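Here is how the chains run, residue by residue.
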Amino acid sequence: MQAHASQLGLCGLRNIGNTCFMNSVIQCLSHTQELTRFLRSHHGSRTSSTKDQQILHEFAKLIQEMWTSNVHTVTPMELKRAFSTKHRMYSDYNQQDAQEFLRFFLDSLHSALNSGVKGETLSIDDNLSDNKKADLTWEWYTRHENSLVRDLFVGQLKSTLKCTTCGNTSVTFDPFWDLSVPLPSSSRCKLEACLDLFIREEVLDGDEMPTCAKCKTRRKCTKSFTIQRFPKYLVIHLKRFSETRWSKLSNIVEFPTSDSELNMGSYGANSNSNVHYSLYAISNHMGSTAGGHYVALCKHPVSRKWHEFNDNIVSDALSENHLVSSSAYILFYERA
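Given the structure is predicted, the values throughout are model-derived calculations rather than measurements. (Residues numbered from 1 in each chain as written. Predicted model: local features only at pLDDT ≥ 70, side-chain atom pairs only at ≥ 80, totals over all residues. Heavy atoms only, no water.)

Visitor: Would you mind going over the overall build of the protein chain with me for this structure?
Guide: A tally of regular secondary structure across the protein chain gives eight helices and 18 strands. For 336 residues, the compact-globule estimate of 2.2 N^0.38 gives 20 Å, and the C-alpha radius of gyration of the protein chain, at 21 Å, lies within 12% of that figure. Based on the C-alpha atoms only, the size of the protein chain along its principal axes is roughly 70 × 50 × 40 Å. Expressed as a percentage of its 336 residues, the buried residues of the protein chain come to 47%. Within the protein chain, contacts between residues at least 6 apart in sequence are counted, and of these 66% link residues at least 24 apart. Working note: accessible area of the protein chain is about 15,800 Å², and carbon and sulfur atoms make up 48% of it. Each charge class in the protein chain was averaged separately, 37 positive and 35 negative side chains, and the resulting centres sit 1 Å apart. (Helix = DSSP H or I, 4+ residues; strand = E, 2+ residues; numbered from the N terminus. Rg over C-alpha atoms; globule rule 2.2 N^0.38 Å. Buried < 20%, exposed > 50% of the residue type's maximum accessible area, 1.4 Å probe, protein only. Contact = heavy atoms within 4.5 Å. Areas by Shrake-Rupley, 256 points an atom, 1.4 Å probe, with all protein chains shown as cover. Lys, Arg positive; Asp, Glu negative; His and termini not counted. Charge placed at Lys NZ, Arg CZ, Asp CG, Glu CD.)

Pasting the structure below:
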């Protein structure tokens, strides 16, 4: 008997030794519809040449298995093995950071699929408008970095540096795979407060003073970010851990959970508009910095119901008011 489409993908992943960080991220990626649609029909060869292509091959195999009817649990052993061959720090069985794993993992998938050509350097006429500079930078970047993974996850940040002495501004445009946002000191806040902290103007002074192109000397400057180009899938990382990972913030960040509820328009470089996103997955970290445990909360693409994926255990449908908690660590949004 064929399982109903709303049952596909409700598949747990066995923990093979502190691998909940990996399982949590894989579930979030498994619920990234356009990525999974591609992977379910992807047939790479077993003898794939590069380490990245082997990671892609094993990941596609895993996703295909997870979205097969009547499969309820899968062991991601081959994927872990392929990934550890490329990234040695994952070859043991220690707990790792989920966001760091996500970055390495997407980078490997992108590299495996990248048909871009390396080569020419970027030169842009300084007299062009900011938007024209942004477009040319993006076109140059996408010629070098060209893959479905980049198509889905990468946006473009605009960074503006302003000299406090002469007022000269210079802009640069950089790709981003996710936004790592700081948490304010209050014990409870809205996601907007974190995004405000991320884009707000910071003063570069003392050791950090950049050289002003006009003054030709180091000057106190202000630096601010806005989003020039919004990605199809927006990943927001809440910076709960200190750089050294000795401490973890347990603030409750209230983030939008309903369809199209997150409006990123006010963070755009061109204040034209509404840019709406819908939440579809969360990687949660529970417990302390030393150990702790990761689970994923994901919204099924067919039933539109939320489920918790705790390694090999998949919960029944959850209500939306279970989503916001002090454990939320990585948020996955899809552009509406």
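Visitor: Could you clarify how one ought to interpret the sheet that holds strand 3 (residues 155-163) in this entry?
Guide: Sheet strands pair by backbone hydrogen bonding; their relative direction is either parallel or antiparallel. Judged by pairing direction, the sheet is antiparallel, and its four strands sit side by side in the order 4-3-10-7 without closing on themselves. Strands with a single pairing partner mark the edges of an open sheet, and in this sheet they are strand 4 (169-176) and strand 7 (202-204). Averaged over all neighbouring strand pairs, the angle between strand axes comes to 30°, with direction disregarded. Inspection of the sheet shows strand 3 paired to strand 4 by eight bridges, in the antiparallel sense. (Pairing = 2+ DSSP bridges. Axes fitted to C-alpha atoms, helices over the stretch in contact; angles between N-to-C directions.)

Visitor: So what exactly am I meant to see when it comes to a negative patch on the surface here?
Guide: On the surface, Glu-202, Asp-205, Asp-207 and Glu-208 cluster together to form a negatively charged patch. For Glu-208, the position within the fold is in the loop between strand 7 and strand 8 (211-212). (Patch = residues over 30% accessible without salt bridge, like charges linked within 9 Å, V, L, I, M, F, W, Y side chains within 5 Å. Salt bridge = Lys/Arg side-chain N within 4 Å of Asp/Glu carboxyl O.)

Visitor: Would you mind going over the packing of aromatic side chains with me for this structure?
Guide: Any pair of aromatic rings gets described here by the distance separating the centres and the angle formed by the planes. Tallying each qualifying case throughout the model produces 16 aromatic pairs. Their ring planes at 25° and their centres at 5.3 Å tell us that Phe-101 and Phe-105 sit as a pair that is stacked. Linking Phe-101 with Phe-105, this pair stays in helix 5 (residues 98-113), spanning four residues, or about one helical turn. With respect to burial, Phe-101 and Phe-105 carry one shared label: buried. (Phe/Tyr/Trp six-rings, centres within 6.5 Å; stacked < 30°, edge-to-face > 60°.)

Visitor: Would you explain the layout of surface pockets in this entry?
Guide: Here the idea is plain: a probe the size of a water molecule rolls over the atoms and shows the empty space left. Volume-wise, the second largest pocket comes out at about 230 Å³. In terms of lining residues, the second largest pocket is bounded by Leu-122, Ile-124, Asp-126, Lys-133, Thr-137, Asn-168, Thr-169, Ser-170, Val-171, Thr-172, Phe-173 and Ala-213. Where the lining of the second largest pocket is concerned, the elements lending two or more residues are helix 6 (130-144) and strand 4. Classifying every residue of the lining of the second largest pocket gives five nonpolar, five polar and two charged. (1 Å grid on protein atoms, 1.4 Å probe; cavity = no way out; pocket = protein on both sides within 12 Å on 5 of 7 lines; lining within 4 Å. Points joined across faces, edges and corners; volume = space filled by probe spheres on them. Nonpolar A, V, L, I, M, F, W, Y, C, P; charged D, E, K, R; others polar.)

Visitor: Explanation requested: the pattern of salt bridges in the structure shown.
Guide: Side chains bearing opposite charge may pair, as long as their charged atoms lie close to each other. If you walk through the whole model with that rule in mind, you get 16 salt bridges. Lys-118 serves as the salt-bridge partner of Glu-145, at 3.1 Å between the closest nitrogen and oxygen. Of this pair, Glu-145 sits in the loop between helix 6 and helix 7 (148-153) while Lys-118 sits in the loop between helix 5 and helix 6, placing them 27 residues apart in sequence. With relative accessibility at 60%, the residue Lys-118 sits in the exposed group. Among the salt bridges present, the one from Lys-190 reaches Glu-254, with a minimum N-O distance of 2.9 Å. Within this pair, whereas Lys-190 is found in strand 6 (residues 188-190), its partner Glu-254 is found in strand 12 (residues 252-254), the two being separated by 64 residues in sequence. Classification of Glu-254 by relative accessible area gives partly exposed; the value is 25%. Through salt bridges with shared partners, a single ionic network connects Glu-34, Lys-232 and Glu-334.

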